[in-house]
Amino acid sequence: MIRTRGKAATMLLGAFTLGALAGGAATLFAERGKHGRDAERGPRFFAERLKEDLKLTPSQIDSVTRVLEKHRPTMDSIWSQVQPQFQSQRQQIRQEIRSFLTPEQQRAYETLLARKDSLHRASHHTP
């Protein structure tokens, strides 16, 4: 039972981490131009990141940039509609995770979340 519970907790934490990373990537893409950081966070920035990870050619970088620029208005529109729901869901997930953590784990979890939220705020210049 304890082993199964541990595996379940590990899987849940893994799913949460993957969700946080995916959400962070979506947020990074959606929020890129709202804080005066277009040059840093725009389509070219993301294409350059892919260049490093995927060893893209200059032509591929240009193609990726064009695709991202083409879809940017739609992505911005979608994000503005779903962001409040996303934030609400994230808070619900965090609360549910807290509910089965020990007090020591809760403190560590809060520290982890505070660090993550602080990094997010710093990268987006929000209070």
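The residue numbers shown here count from 1 along each chain, following its written sequence. The predicted origin of the model limits local features to residues at a pLDDT of at least 70 and limits the giving and counting of side-chain atom pairs to 80 or more, whereas totals for whole chains, interfaces and linings rest on all residues. The side-chain numbers reported here are obtained from all heavy atoms of the structure, hydrogens and water having been left aside.

1. Describing the overall build of the protein chain
Reasoning step 1: Secondary structure elements are taken from DSSP: a helix is a run of H or I of four residues or more, a strand is a run of E of two residues or more, and numbering for both begins at the N terminus. Assigned secondary structure in the protein chain consists of five helices and zero strands.
Reasoning step 2: Starting at the N terminus and walking to the C terminus, you meet the elements of the protein chain as α-α-α-α-α.
Reasoning step 3: Buried means the residue's accessible area, taken with a 1.4 Å probe over protein chains only, is under 20% of the maximum for its type, while exposed means over 50%, and partly exposed covers the values in between. Expressed as a percentage of its 127 residues, the buried residues of the protein chain come to 21%.
Reasoning step 4: Residue contacts are counted whenever heavy atoms from the two residues lie within 4.5 Å of one another. Restricting to contacts in the protein chain with at least 6 residues of sequence separation, those with at least 24 account for 54%.
Reasoning step 5: When the accessible area of the protein chain is evaluated, it comes to approximately 9,100 Å², of which 61% is carbon and sulfur surface. Computed with a 1.4 Å probe, the accessible areas rest on the Shrake-Rupley method; for each residue, only the protein chains presented here act as cover.

2. Concerning the pattern of salt bridges
Reasoning step 1: One speaks of a salt bridge when a side-chain nitrogen belonging to Lys or Arg is within 4 Å of a carboxyl oxygen belonging to Asp or Glu. Per the counting criterion, the structure on display carries four salt bridges.
Reasoning step 2: E48 serves as the salt-bridge partner of R44, at 3.9 Å between the closest nitrogen and oxygen. Of this pair, R44 and E48 both sit in helix α3 (residues 43-54), four residues apart, roughly one helical turn.
Reasoning step 3: Using a relative accessible area of 38% as the deciding quantity, one classes R44 as partly exposed.
Reasoning step 4: The exposure class of E48 is partly exposed, given its relative accessible area of 30%.
Reasoning step 5: Salt bridges linked by common partners bring R44, E48 and D62 together as one network.

3. Section: the packing of α3 against helix α4 (residues 58-99)
The relative placement of two packed helices comes down to the angle between their axes together with the axis-to-axis distance.
Reasoning step 1: Axis lines are fitted to C-alpha atoms, over the contacting stretch for helices. Their N-to-C directions set the angle, which ranges from 0 to 180 degrees. Orientation of α3 relative to α4, taken along the N-to-C sense of each, is 140°, at an axis distance of 8 Å. Compared by their axis directions, α3 and α4 come out oblique. At the point where α3 passes α4, the crossing takes the right-handed sense. The residues of α4 that touch α3, namely those facing P43, R44, F46, A47, E48, L50 and K51, are I61, D62, V64, T65, L68, E69 and R72.
Reasoning step 2: Three classes are used, and their members are as follows: Ala, Val, Leu, Ile, Met, Phe, Trp, Tyr, Cys and Pro are nonpolar, Asp, Glu, Lys and Arg are charged, and the others, Gly among them, are polar. For the contact of α3 with α4, a count of residues per class yields seven nonpolar, one polar and six charged. Roughly parallel means an angle under 35 degrees; roughly antiparallel, over 145; roughly perpendicular, 65 to 115; everything else is oblique. Handedness of each helix crossing follows the sense of rotation of the near helix against the far helix: counterclockwise by less than a right angle gives left-handed, clockwise gives right-handed.

4. Things to note about the side chain of R98
Reasoning step 1: Mapped onto the secondary structure, R98 falls in helix α4.
Reasoning step 2: If sequence neighbours within four positions are ignored, R98 has contacts with Q106, Y109, E110 and L113.

5. Considering unusual backbone geometry
Reasoning step 1: The phi angle at K55 is positive, at roughly 60°, despite the residue not being glycine.
Reasoning step 2: Along the chain, K55 falls in the loop between α3 and α4.

6. Some points on the environment of K70
Reasoning step 1: Tracing the backbone shows K70 in helix α4.
Reasoning step 2: Linking K70 and P43, residues 27 residues apart in sequence, is a C-alpha distance of 9.7 Å.

7. Looking at the confidence of the model for the protein chain
Reasoning step 1: pLDDT is a residue-level measure of predictor confidence that goes from 0 to 100. Of the residues in the protein chain, 70% have a pLDDT of 70 or more, and the chain-wide mean is 78.
Reasoning step 2: At the level of individual helices and strands, the protein chain shows its lowest average pLDDT in helix α2 (residues 38-41), which scores 52, and its highest in α4, which scores 93.
Reasoning step 3: Every residue in residues 29-39 is under pLDDT 50, and counting partners more than four places away or in other chains gives 28 contacts.

8. Considerations on the side chain of T65
Reasoning step 1: Looking at the element boundaries, T65 is found in helix α4.
Reasoning step 2: Polar contacts, as used here, are pairs of N or O atoms within 3.5 Å; protein pairs need one atom able to donate a hydrogen and one able to accept it. Residues neighboring in sequence count only if both atoms are side-chain atoms. Polar side-chain contacts of T65 include one of 2.8 Å to the backbone oxygen of I61.
Reasoning step 3: When sequence neighbours within four positions are dropped, the list of residues in contact with T65 reads P43, R44 and A47.

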